[in-house]
Amino acid sequence: CDEKSYDESTYFKDCISRGEFVRKEIQRRRKDGQLLEVSFLGYPILSNGEQVGVYGIYSDQTKIKKEKKEQNKKIQMYINILKSTIDSLPYILSVYRPDFTVALLNEAAYRYFDIKGKSAEGLVWCDILKDKFHEADCCGAEVLKTKKQFHKEKWFSQINKYFSWHCTPVFDDEGELILIV
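What comes next concerns the included structure. Just so we're clear, the structure is a prediction, and the values are computed from it rather than from any experiment.

Considerations on the overall build of the protein
Next up, step 1: Of the regular secondary structure elements, the protein holds five helices and nine strands.
Next up, step 2: Whereas a compact globule of 181 residues would reach a radius of gyration of roughly 16 Å, the protein reaches 24 Å, over 25% beyond that.
Next up, step 3: C-alpha extents for the protein along the principal axes are approximately 70 × 45 × 30 Å.
Next up, step 4: Long-range contacts, defined here as pairs at least 24 residues apart, represent 30% of the contacts in the protein between residues at least 6 apart.
Next up, step 5: When the accessible surface of the protein is summed, it comes to about 12,600 Å², and 52% of that surface belongs to carbon and sulfur atoms.
Next up, step 6: The centroid of the 29 positive side-chain charges in the protein is displaced by 3 Å from the centroid of its 28 negative side-chain charges.

Observations regarding the packing of aromatic side chains
Next up, step 1: This model, assessed by the stated rule, comprises eleven aromatic pairs.
Next up, step 2: Note on phenylalanine 40 and tyrosine 58: the rings are 5.0 Å apart at their centroids and 50° apart in plane angle, and the pair reads as tilted. Placement of the pair is phenylalanine 40 in strand β2 (residues 35–47) and tyrosine 58 in strand β3 (residues 50–60), with a sequence separation of 18 residues.
Next up, step 3: Aromatic side chains phenylalanine 113 and tryptophan 125 sit 5.5 Å apart centroid to centroid with 80° between the ring planes, which places their arrangement in the edge-to-face category. Here tryptophan 125 lies in helix α4 (residues 125–133) and phenylalanine 113 lies in the loop between α3 (107–112) and α4, a separation of twelve residues in the sequence.
Next up, step 4: Judged by relative accessible area, phenylalanine 113 falls into the buried class, the value being 11%.
Next up, step 5: Tryptophan 125 sits in the buried class, given a relative accessible area of 4%.
Next up, step 6: One aromatic cluster is present, built from ring pairs that chain together Tyr96, Phe100, Tyr112, Phe113, Trp125, Phe163 and Trp165.

Focus: the pattern of salt bridges
Next up, step 1: Per the stated rule, a full pass over the model turns up seven salt bridges.
Next up, step 2: As a salt-bridge pair, arginine 28 and glutamate 8 come within 2.7 Å of each other at their nearest N and O atoms. Of this pair, arginine 28 sits in strand β1 (residues 22–29) while glutamate 8 sits in helix α1 (residues 3–17), and the two are 20 residues apart along the sequence.
Next up, step 3: Residue classification places arginine 28 among the buried positions, given a relative accessible area of 13%.
Next up, step 4: Notably, a salt bridge pairs glutamate 142 with lysine 145, separated by 3.6 Å at the nearest N-O pair. Of this pair, glutamate 142 and lysine 145 both sit in helix α5 (residues 140–146), three residues apart, which is roughly one turn of that helix.
Next up, step 5: Connected through shared salt-bridge partners, Lys83, Asp87 and Glu107 make up one network.

Some remarks on the side chain of glutamine 61
Next up, step 1: As for its placement among the helices and strands, glutamine 61 is situated in the loop between β3 and α2 (62–86).
Next up, step 2: Contacts of glutamine 61, omitting those with residues within four sequence positions, involve Glu37, Val38 and Ser39.

With respect to the nonpolar core
Next up, step 1: Core analysis: the biggest nonpolar cluster contains 21 residues, and Leu105, Phe113, Ile115, Trp125 and Ile128 have the highest contact counts within it.
Next up, step 2: The dominant element in this core, judged by the number of residues it contributes, is α4, at four residues.
Next up, step 3: Setting aside residues up to four positions removed in sequence, leucine 105 forms contacts with Lys83, Ile86, Asp87, Leu93, Ser94, Tyr110, Ile115, Ala120, Trp125 and Ile128.
Next up, step 4: Cys15, Ile16, Ile26 and Val38 belong to the second largest nonpolar core, which has eight residues in total.

Cut-offs applied
Residues numbered from 1 in each chain as written. Predicted model: local features only at pLDDT ≥ 70, side-chain atom pairs only at ≥ 80, totals over all residues. Heavy atoms only, no water. Helix = DSSP H or I, 4+ residues; strand = E, 2+ residues; numbered from the N terminus. Rg over C-alpha atoms; globule rule 2.2 N^0.38 Å. Contact = heavy atoms within 4.5 Å. Areas by Shrake-Rupley, 256 points an atom, 1.4 Å probe, with all protein chains shown as cover. Lys, Arg positive; Asp, Glu negative; His and termini not counted. Charge placed at Lys NZ, Arg CZ, Asp CG, Glu CD. Phe/Tyr/Trp six-rings, centres within 6.5 Å; stacked < 30°, edge-to-face > 60°. Buried < 20%, exposed > 50% of the residue type's maximum accessible area, 1.4 Å probe, protein only. Salt bridge = Lys/Arg side-chain N within 4 Å of Asp/Glu carboxyl O. Core = buried A, V, L, I, M, F, W, Y, C linked by side-chain atoms within 4.5 Å.

This is how it looks when you write it as structure tokens:
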């Protein structure tokens, strides 16, 4: 085994012998020389408060990593299609994550909020609203709480306009809220 793998194995053994739980994704080399993505799980086996052994197992993650990479490519393709579609809409449309960081804004949002020369991705949606309206009145919090679609209208005297928000939750296959549109 190569020096890095030996050092990692020694480190894992030392941690487990001290009673620590170890979980890490690493690479290991097969006999034919090919590198594998693996997940290592190790922990001490205790009996009557004393360590009597260790448990360690490697799990091949190659297929899972490949599927995840393919899934991310597919998601990016859908985002690109969605982006080109929503850019044609005349009203502001934002897509943000449950932590309120922007995943996607359409061109109308970029124009209205005067976001120039940079991507809005990663900015906090409520901060963008606060900069424009001097308050962070964002209906996403209600969607996070209820996990249901939410609609709200509000008058902003600073800009002399009504705004109508329609917030829709987007869930993954396991039912976890992943985006708010």
